[in-house]
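Commentary on secondary and tertiary structure
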Amino acid sequence: MSSVISPETVSERSSVRAQALAERLEEGARALYAFASGLTDAEWQTRVPKDGRKIGVVVHHVASVYPLEIQLAQALAAGKRVEGVTMDDVNAMNGKHAVEFDAVGKSAALDLLERNSAAAAAAIRALSDEELNRAATASPYANAPITCQFMLADHAVRHSYHHLAKIRGALKK
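Residues numbered from 1 in each chain as written. Predicted model: local features only at pLDDT ≥ 70, side-chain atom pairs only at ≥ 80, totals over all residues. Heavy atoms only, no water.

1. Describing the overall build of the chain
If you tally the helices and strands in the chain, you get seven helices and two strands. Its helices and strands taken in sequence order, the chain reads α-α-α-α-α-α-β-β-α from the N to the C terminus. Radius of gyration (C-alpha) of the chain: 16 Å, near the 16 Å computed for a compact globule of 173 residues. With respect to the principal axes defined by its C-alpha atoms, the chain has extents near 45 × 40 × 25 Å. Out of the 173 residues belonging to the chain, those deemed buried represent 43%. Within the chain, counting contacts between residues at least 6 apart in sequence, those at least 24 apart form 79% of the total. Of note, the chain has its 20 positive side-chain charges centred 5 Å away from the centre of its 20 negative side-chain charges. (Helix = DSSP H or I, 4+ residues; strand = E, 2+ residues; numbered from the N terminus. Rg over C-alpha atoms; globule rule 2.2 N^0.38 Å. Buried < 20%, exposed > 50% of the residue type's maximum accessible area, 1.4 Å probe, protein only. Contact = heavy atoms within 4.5 Å. Lys, Arg positive; Asp, Glu negative; His and termini not counted. Charge placed at Lys NZ, Arg CZ, Asp CG, Glu CD.)

This is the structure:
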């Protein structure tokens, strides 16, 4: 996986917090990429206990939802409410993804992980402190007001770490 964007390329508008969030996202994506790239074909097809999805599908899932996670955070950054997104919707989306990408190959999933994590990190770096601090109600959180920074930390940044831990557990590695 490619290296982090150098500090010289970070926008003057970007905050130290945005930079730190982007670096955490990249670190998690690199860890998932490194672990997943070393899996055997049999391990790639192993199902994650209690989740039911194959490891390869989960890796692709992490990669494929970065754009949506960033879109939701950007809505909050703009002061817009996140409406109409329920956990049932999320579960349905994940179930549909699992069926559609059941046979996803390692190279395709890892390529998407690399591309989408880089785009997500760049989008995070573009946020100002004011945008990170901005809050609006969010339907996935029972319409509680949450900040853009919280949404990023709880979703896009945490996502690869969360699933990597589940994958390691499934393989006992």
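Having seen it, we continue.
2. A look at helix α4 (residues 87-100)
One full turn of an α-helix is made of 3.6 residues, so residues set three or four places apart face in the same direction. Under the 1.5 Å per step criterion, the end-to-end length of α4 is 20 Å for 14 residues, consistent within 8% with the ideal 20 Å. Within α4 the residues assigned to the buried category are Asn-94, His-97 and Ala-98. Within α4, the buried residues cover an arc of 100° as seen down the axis, which keeps them to one side. Projecting away from the buried face of α4 at angles above 90 degrees are the exposed residues Asp-88, Ala-92, Lys-96, Val-99 and Glu-100. (Expected span 1.5 Å × (residues − 1). Arc of directions from axis to C-beta.)

3. Some points on the nonpolar core
Judged by nonpolar contacts, the single largest core of 46 residues is most densely connected at Val-59, Leu-113 and Leu-152. Every element with two or more residues in this core is listed here: α1 (16-37), α3 (55-77), α5 (106-125), β1 (135-138) and α7 (148-171). Top contributing element to this core by residue count: α3, with 11 residues. (Core = buried A, V, L, I, M, F, W, Y, C linked by side-chain atoms within 4.5 Å.)

4. Quick word on the pairing of strand β2 (residues 144-147)
Of the pairings in the sheet, the one linking β1 to β2 comprises four bridges and is antiparallel in character. Bridge pairing in β2 links Ala-138 to Ala-144. (Pairing = 2+ DSSP bridges.)

5. Quick notes on the layout of surface pockets
Space left empty within the atom packing is revealed by a probe, the size of a water molecule, rolled over the atoms. Size it by volume and the largest pocket reaches roughly 510 Å³. Only α3, α4 and α7 provide two or more residues apiece to the lining of the largest pocket. Residue composition of the lining of the largest pocket, grouped by class: nine nonpolar, seven polar and six charged. (1 Å grid on protein atoms, 1.4 Å probe; cavity = no way out; pocket = protein on both sides within 12 Å on 5 of 7 lines; lining within 4 Å. Points joined across faces, edges and corners; volume = space filled by probe spheres on them. Nonpolar A, V, L, I, M, F, W, Y, C, P; charged D, E, K, R; others polar.)

6. Section: the pattern of salt bridges
Across all of its chains, the model carries nine salt bridges by this definition. The partner of Arg-125 in a salt bridge is Glu-26, and the shortest N-O contact between them spans 2.9 Å. On the criterion of sequence distance, the pair formed by Arg-125 in helix α5 and Glu-26 in helix α1 is long-range, its members being 99 residues apart. An identical accessibility class is assigned to Arg-125 and Glu-26; each is buried. Salt-bridge contacts for Arg-81 lead to Glu-83; the nearest nitrogen and oxygen are separated by 3.1 Å. For the residue pair Arg-81 and Glu-83, the accessibility class agrees, reading exposed in each case. (Salt bridge = Lys/Arg side-chain N within 4 Å of Asp/Glu carboxyl O.)

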